[in-house]
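Spelled out from the first residue to the last, the chains are:
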Amino acid sequence: MVEIDEATGTTIVRRTSPYRPPGFWRKWLIGRPLPTADAAHQTIGKAIGLAVFASDALSSTAYATQEILLILALAGTGAFGYAFPIALTIVGLLAMVTISYEQTIHAYPNGGGAYIVARDNLGDFAAEVAGSALLIDYILTVAVSVSSGVAQVASAFPEFFPYRIYVAVGLVLFIMLVNLRGVKESGVAFAIPTYFFLVMMCLMVGVGFLRYVMGGLGSVTDPPPLDVLQVASAVTPFLLLHAFSSGTTALTGVEAISNGIPAFTEPRSRNAGITLIWMSAILATLFLGITFLAGQVHAIPSEAETVISQLGRTAFDGRGSLYHGVIAATTIILIMATNTSFADFPRLSALLAGDGFLPRQLTYRGSRLVYSRGIIALALIASLLIVVFNASVSGLIPLYAIGVFLSFTLSQAGMARRWWKLGHLLPGQEVKERGSTLRYESRWRLKMLINGFGAVCTAIVMLVFAVTKFAEGAWIVLLLMPMLVVVFSRIHHHYLDLAARLSLERYGELPRILRQCVIIPLSGVHRGTLEALRYARSLSDDITAVHVSIDPAEAEAVRQKWELWGGGARLVILESPYRLLLEPLLQYIAEIATQRQPNETITIVLPQFVPGRWWHNFLHNQTAIMLRLALLFRRGIVITDVPFHLDER
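To start, this report covers the structure provided alongside it. (Residues numbered from 1 in each chain as written. Predicted model: local features only at pLDDT ≥ 70, side-chain atom pairs only at ≥ 80, totals over all residues. Heavy atoms only, no water.)

### Topic: the overall build of the protein
Inference 1: When helices and strands are tallied, the protein shows 24 helices and nine strands.
Inference 2: Out of the 649 residues belonging to the protein, those deemed buried represent 51%.
Inference 3: When contacts within the protein are restricted to residue pairs at least 6 apart in sequence, long-range pairs at least 24 apart make up 80% of them.
Inference 4: With the model as given, the accessible surface of the protein reaches about 31400 Å², and the carbon-plus-sulfur share is 63%. (Helix = DSSP H or I, 4+ residues; strand = E, 2+ residues; numbered from the N terminus. Buried < 20%, exposed > 50% of the residue type's maximum accessible area, 1.4 Å probe, protein only. Contact = heavy atoms within 4.5 Å. Areas by Shrake-Rupley, 256 points an atom, 1.4 Å probe, with all protein chains shown as cover.)

### Describing helix α18 (residues 401-423)
Inference 1: When the terminal C-alpha atoms of α18 are compared, their 33 Å separation across 23 residues agrees well with the 33 Å that a helix rising 1.5 Å per residue should span.
Inference 2: For α18, the tally of buried residues reaches 20 of 23 residues, placing the bulk of the element in the interior. (Expected span 1.5 Å × (residues − 1).)

### Thoughts on the packing of helix α4 (residues 64-72) against helix α10 (residues 237-247)
Inference 1: Relative orientation of the contacting elements α4 and α10 amounts to 160 degrees, with a least axis distance of 8 Å. What the angle tells us is that α4 and α10 run roughly antiparallel. Seen along the crossing, α4 lies across α10 with a hand that is right-handed. Between α4 and α10, the contacting residues are A64, E67, I68, I71 and L72 on the first element and L239, L240, H242, A243, S246 and G247 on the second.
Inference 2: The class makeup of the residues in the contact of α4 with α10 is seven nonpolar, three polar and one charged. (Axes fitted to C-alpha atoms, helices over the stretch in contact; angles between N-to-C directions. Parallel < 35°, antiparallel > 145°, perpendicular 65-115°, else oblique. Left-handed = near helix turned anticlockwise from the far one by under 90°. Nonpolar A, V, L, I, M, F, W, Y, C, P; charged D, E, K, R; others polar.)

### Examining the sheet that holds strand β8 (residues 600-610)
Inference 1: Here we have five strands laid out as an open sheet, ordered β7-β6-β5-β8-β9, and parallel in their pairing. Pairing within the sheet leaves two strands with one partner each, and these edge strands are β7 (570-575) and β9 (637-645). Across the sheet, the mean angle from the axis of one strand to that of its neighbour is 25 degrees, orientation sign disregarded.
Inference 2: Sheet topology places β8 next to β9; nine bridges connect them, and they run parallel. Bridging from a neighbouring strand, T603 pairs with V638 of β9.
Inference 3: Relative to the sheet, helix α21 (residues 527-537) contacts β5 (515-522), β6 (543-549), β8 and β9, its axis offset from that of β9 by approximately 135 degrees. (Pairing = 2+ DSSP bridges.)

### A few points about the pairing of β6
On any regular strand, side chains alternate: one points to one face of the sheet, the next to the other face.
Inference 1: Counting buried positions over the seven residues of β6 gives seven, a clear majority of the element.
Inference 2: Here β6 shows two buried faces, one formed by I543, A545, H547 and S549 and the other by T544, V546 and V548.
Inference 3: When β6 meets β7, the two strands line up parallel, connected through six bridges. Counterpart to S549 in the pairing with β7 is E575.
Inference 4: Handedness of the crossover joining β6 and β7 through helix α22 (residues 552-565) is recorded here as right-handed. (Right-handed = clockwise from strand over helix to strand, strands pointing away.)

### Remarks on the environment of A391
Inference 1: Relative to the elements of secondary structure, A391 occurs in the loop between α16 (372-388) and α17 (393-396).
Inference 2: What makes A391 buried here is its relative accessible area of 7%.
Inference 3: Residues A391 and S145, spaced 246 residues apart in sequence, show a C-alpha to C-alpha distance of 9.8 Å.
Inference 4: When residues no more than four places from it in sequence are discounted, the contact partners of A391 are S147, R164, I165 and I386.

By themselves, these are just geometric observations and shouldn't be taken as functional.
And the structure:
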C-alpha cells in the first residue's frame, strides 16, 4: 500500500513481509511462527492459569516443612513440636499477602507486579530494587525447584544421587524448550502434571489423616540419619525465628499471578483474582496438612530421603504404587514450578528493558510470541547456579526468600501510597499519571490499611530472614541486589544519554558532502579487488589503493598487477618491517584524516570475497572484519563492504 503525505509530499510504502517457513528442526522444537495478530488469542483461563502461575507456590509444599524441621533439629528432635505452630503463623502471613495482592490485581488489570507498582507509586529507584529482587527470585526458583525435584527421585532411587547435577541441568533446558513454544501451548502441557500432583498430595494427606484419626498411622520405619547435629540445649526465640524464616519459602511464587494478568482471558482481573484465591487456599491446606502429619509420623529432615518420601511410605504402608505416584507427582510439580519463572522472568525483563534498565534486546518477541531471549537467559543462569551449588536444596534455600519478601514489601507499600493518592482526589476527578488514570476511591482508608499492614508484616519477615540466614549465604543476595541496581542505573543512563545525542530537537540541516576520499585496502589484486574498485569509481575520482608490504617480492607482484588492472588509480605501498598488517594501515588512514578538507568524507571500501560454504571462512584470515572493527570507532570515516561471492560451480 502506498501513501503520500500531502503536507510534505513524502511517499510512504507499507507492505507485509512474506511468510518464510522455518526449517524442519526449528519447527519441530519450537513450532510454526505466529503472526503478531495472534497475540490476543494466546491467553489462558483459570484452570490453565493455576497450572502456569501457581505451580511455583504449590510446589513449595514439597520442601517448606522439611526446611522448618531442619532448623528445629539444631535443638534436637524434641523441638519438632514447634513446626505446626510455625506453619500456622506462615499461613496467617499468606492470607495477609493474598488479600493485599488481590487488591493489586484489580488496581492493575494490565499486570501489577512489584516492579510496576513500585515504579508508579514509589519512583524509579524503588522500581529498580524491586526488579533486581524479582529477577534474582525467579532465577533461584528455577534452581531450587529443579534441584528439589531431582532430590525426590534420589530419595526413591539412591543410586541416582551421583548424577543429579546433569539431570537437573537437562531438565532446565527441556523446560526452556517447552516455554519457547509459547504460553498457551506450555500451559496446556503443564496442566496435567499440576493436577496430578494435587490429586496425589490430597490423597496422601487424606489417607494420612484418616489413619491418624483411626489410630493406625504409626511412625516412619527405618528413618534416614539426621543431617544436622544438636547444638542447642533449648529452643530459643532466635531458633524459632530462624525456622520461621526457612518456612516462609512456602510463600514464594504468590506474586506470579499479579505479574501475569495479561496472559488471562477476559475479564482478566477477575480471572486472575479467583486463581490467586484458589492457589492460596490449596497451598495453605497442603502445607498445614503435611506439617501436621510430619510431626505425627516423626519424620526426619535429611538430604538422603525427603520428608515427603517418609510421609508417603508411612501413609501408604511402604513403597508401593501410590508411594511412587506421590514421588513422581512431587518430582514433576517441582520441575513444572520452574514454568512460573519462565512465564514471569521474560515479562519482567522485557518491562525493565522497555524502561531502559536492561538491554533493549530483551523486549524482542520470538516467532511464538514469547520473549525468547529472556527465556534463554533464565535457563543459562539457573543452570550455572545448579552446577555451582551441586543441586543442593539446602545450599540454595538461604539465597531464596529475601528477594521475594523485599518485592512483597515494595509492592504493598506502593499500593498503600496509591490508595492514599486516590483518597485525596475529588469524587469524579481523574488524573493521568505514568499512562494510567487515577480516580477517587471511596474505601481508600480500608484498602490503604490492608496494604500498609501487609507491607509492615513482609518487611519484618524480610529482616528476620536476612539476619537469621546471613551467614548461611543470604549475604550473597544482599550483595547482588545493590550491584544489579547499579547495573540498571548505568544502562538507564546510557539510554538517556543516547536519546539526547540522537535527538533532532534544535538540530539544523546537515551540510552536504561535497567530496569523498576513497581508500581501498589491498591484500592482492584479484576479481574481488576489481569489483571494489568499480564501486569506488561510482563514489569519487579520488581513489587510493593501499597495500601493506611484508614480503618485497609479493609487494612487487601487487604493483605490477595494479599497473595492469588498476586503471590509473593511485597505489600506496606501506612497508611493514615488523610484519604488522593493521597498524601501518590504521596509521596511514589517521594521517589522511588530519588532512581532510571541510565537508570531505573518507570512505574505506573493503573488498571481501564470500566463500560458497560457511566453514570455508575459517580457512582465511578475516582481515577485513578486524579492520572494520578497528575503524568503527574512528570519527569521520565511512566503511563500506563490497562482497564478492565465489561461485562453487
